[in-house]
Amino acid sequence: METEALERPADLTIWRTVPASSPLAQPERYGTLREAIAAAAGALTDPAKQPWIITEEGEILSPNWIRTYLN
């Protein structure tokens, strides 16, 4: 991934792995991919949440990709 891509907007959606009474997951827009990754890091601490990011270029970043990037 290009370093420039980290400064472009991205959408973060956090899906639940267990049934929840809340409505379906809604994407949240972040000003930069860096911000979306930081927010996703918090969700990764809960095994019932699975963060997925869609970049401005249309790349889909899975929870495993996010974990790998953070490590």
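Residues numbered from 1 in each chain as written. Predicted model: local features only at pLDDT ≥ 70, side-chain atom pairs only at ≥ 80, totals over all residues. Heavy atoms only, no water.

Summarising the element assignment, Y69 is placed in helix α2 (residues 63-70). With 32 residues separating them in the primary sequence, Y69 and I37 have C-alpha atoms 8.8 Å apart. Sequence-distant contacts of Y69, defined by excluding residues within four places in its chain, comprise L6, R34 and I37. (Helix = DSSP H or I, 4+ residues; strand = E, 2+ residues; numbered from the N terminus. Contact = heavy atoms within 4.5 Å.)

Quick look at the pattern of salt bridges now. For the structure shown, the criterion picks out 4 salt bridges. Across the salt bridge formed by E4 and R8, the nearest N and O atoms sit 3.3 Å from each other. Residues R8 and E57 are paired through a salt bridge, measuring 2.5 Å at the closest nitrogen-oxygen approach. Separated by 49 residues along the polypeptide, R8 in the segment before β1 (10-16) and E57 in the loop between β3 (49-55) and β4 (60-61) bring together distant segments of the chain. Where salt bridges share partners, they join E4, R8 and E57 into one cluster. (Salt bridge = Lys/Arg side-chain N within 4 Å of Asp/Glu carboxyl O.)

By the bridge criterion, 3 bridges tie β1 to strand β2 (residues 28-30) in an arrangement that is antiparallel. For A10, the partnering residue across the bridge sits in β2 and is Y30. (Pairing = 2+ DSSP bridges.)

Our next topic: the packing of aromatic side chains. Within a pair of aromatic rings, the relevant descriptors are the distance that separates the centres and the angle that separates the planes. Under the counting rule described, the total for this entry stands at 1 aromatic pair. When the centroid spacing of 5.3 Å and the interplanar angle of 5° are considered together, the rings of W65 and Y69 count as stacked. Residue W65 and its partner Y69 are both found in helix α2; the two are separated by 4 residues, about one turn of the helix. (Phe/Tyr/Trp six-rings, centres within 6.5 Å; stacked < 30°, edge-to-face > 60°.)

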